[in-house]
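Per-entry structural report
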Amino acid sequence: RVDTRGVEGIETRTIGREEELGKMQSAFEQAVEQRQLHLINIVAEAGTGKSRLLYEFTKWLDMQKQAMHLFKGRATQEIAQIPYALLRDIFSSSFGIQDHDTATVARDKLEKGIRSYVENEETGKLYSHFIGHLIGLDYSTSPYLKGILGDAQQIRNLAFHYAMQFFTDITREQVGVLLLEDIHWADYGSLDFFEHLMNTKTDLPLLIIGLTRSTLFEQRPDWGTGPVQTLRLDLLPLSD
């Protein structure tokens, strides 16, 4: 579950967000039944309840009998200028990659993590090397990248392709859920990837939930306006 604010050991019930929570639950069920990619944008300013609503939704997910793959990532203001930082956070949090890990340990964790989802060993290595190089792990000696290390655009395009193929593979049998927090601070490269995924792979049983402030749409007015099925929830402050 995602972390929530508050006093440890004390949990208050959620008030005034029943309608929004119901819409999120319906979007998840549609993603499962229709096998279609859905995007939910939860839009509000700081302190209005985005994280709490996501917490309640993940509690509801925990109680479902539906098997699923759950990934989460968080953007922060400190790493907003680091290319693919949000994408790296998703794989790091999923596979236990720590900032203090050596390059060898980080690569090993990434490859083992991806192999836990991908049956074919060679395919798992291929995904790991391109995704890993994209998110800042050193794969400069990789046989898969040999001959194209000087072509950043080609590496990016292939890494996007294999990252999308990874999400395609894991959602063949189970629905996928991606929880993305504070994407108004996300780096441009990660947002480019998710837009490419949403515009290219609309037939995946995948639910992407983005928590954001309205400033995201000033930077990216077309975010979520492509062929993907999109639900926008604007959270207003609760009444007295």
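Here the structure is a predicted model, which is why all the values come from computation and not from measurement.

Rules behind the numbers
Residues numbered from 1 in each chain as written. Predicted model: local features only at pLDDT ≥ 70, side-chain atom pairs only at ≥ 80, totals over all residues. Heavy atoms only, no water. Core = buried A, V, L, I, M, F, W, Y, C linked by side-chain atoms within 4.5 Å. Buried < 20%, exposed > 50% of the residue type's maximum accessible area, 1.4 Å probe, protein only. Contact = heavy atoms within 4.5 Å. Pairing = 2+ DSSP bridges. Helix = DSSP H or I, 4+ residues; strand = E, 2+ residues; numbered from the N terminus. Axes fitted to C-alpha atoms, helices over the stretch in contact; angles between N-to-C directions. Expected span 1.5 Å × (residues − 1). Arc of directions from axis to C-beta. Phe/Tyr/Trp six-rings, centres within 6.5 Å; stacked < 30°, edge-to-face > 60°.

A word on the nonpolar core
Note on soluble globular proteins: their nonpolar side chains tend to be buried together. Residues Leu87, Phe166, Phe193, Phe194, Leu197, Ile208 and Trp223 are the most contacted members of the largest nonpolar core, which totals 51 residues. If sequence neighbours within four positions are ignored, leucine 87 has contacts with Leu134, Ile135, Ser190, Phe193 and Phe194.

Quick word on the sheet that holds strand 4 (residues 206–212)
As summarised here, the arrangement of the five strands in space is 2-3-4-1-5, forming an open sheet in which the pairing is parallel. The open sheet has two free edges, formed respectively by strand 2 (68–74) and strand 5 (229–234), since each of these has just one partner strand. Within this sheet the neighbouring strands show an average axis-to-axis angle of 15°, counted without direction. In this structure, strand 1 (residues 38–43) lies alongside strand 4, joined through six bridges in parallel fashion. For asparagine 41, the partnering residue across the bridge sits in strand 4 and is glycine 210.

Thoughts on helix 1 (residues 18–34)
Between its terminal C-alpha atoms helix 1 stretches 24 Å, which fits the 24 Å expected from 17 residues at 1.5 Å a residue. Every buried residue of helix 1 is accounted for by Glu20, Leu21, Met24, Gln25, Ala27, Phe28 and Ala31. Buried positions in helix 1, seen along its axis, are confined to an arc of 155° and lie on one side of it. In helix 1, the exposed positions angled more than 90 degrees off the buried face are occupied by Glu18, Glu19 and Glu33. Packed against the buried residues of helix 1 are strand 1, helix 2 (50–62), strand 2, strand 3 (175–181), strand 4 and strand 5. Directly after helix 1, the chain includes arginine 35, whose backbone phi takes a positive value near 50°.

Observations regarding helix 6 (residues 152–170)
Compared with an ideal rise of 1.5 Å per residue, which puts 19 residues at 27 Å, helix 6 spans 27 Å between its outermost C-alpha atoms and is within 8% of the ideal. The set of residues buried in helix 6 consists of Ile155, Ala159, Phe160, Tyr162, Ala163, Met164, Gln165, Phe166, Phe167, Thr168, Asp169 and Ile170. Those residues of helix 6 that are buried lie in contact with strand 2, helix 3 (85–95), helix 4 (103–115), helix 5 (121–134), strand 3 and helix 7 (188–200).

Regarding the environment of proline 237
Locating proline 237 in the fold gives a position in the segment after strand 5. On the accessibility criterion, proline 237 (67% relative accessible area) is exposed. Separated by 127 residues in sequence, proline 237 and leucine 110 place their C-alpha atoms 41 Å apart.

A look at the packing of aromatic side chains
Scanning the entire structure with this criterion turns up 16 aromatic pairs. Judged by centre distance (5.7 Å) and plane angle (90°), the rings of phenylalanine 28 and tryptophan 60 are edge-to-face. Remark: tryptophan 60 occurs in helix 2 and phenylalanine 28 occurs in helix 1; sequence separation between them is 32 residues. On the accessibility criterion, phenylalanine 28 (3% relative accessible area) is buried. On the numbers, 6.2 Å between centres and 50° between planes, the contact of phenylalanine 95 with tyrosine 117 is tilted. Of this pair, phenylalanine 95 sits in helix 3 while tyrosine 117 sits in the loop between helix 4 and helix 5, and the two are 22 residues apart along the sequence. Of the residues examined, tyrosine 117 reaches a relative accessible area of 27% and is grouped as partly exposed. Through pairs of rings, three or more aromatic residues link up here, namely Phe71, Tyr84, Phe91, Phe95, Tyr117, Phe160, Phe166, Phe167, Phe193 and Phe194.

Read these as layout, nothing more, since geometry by itself doesn't imply function.
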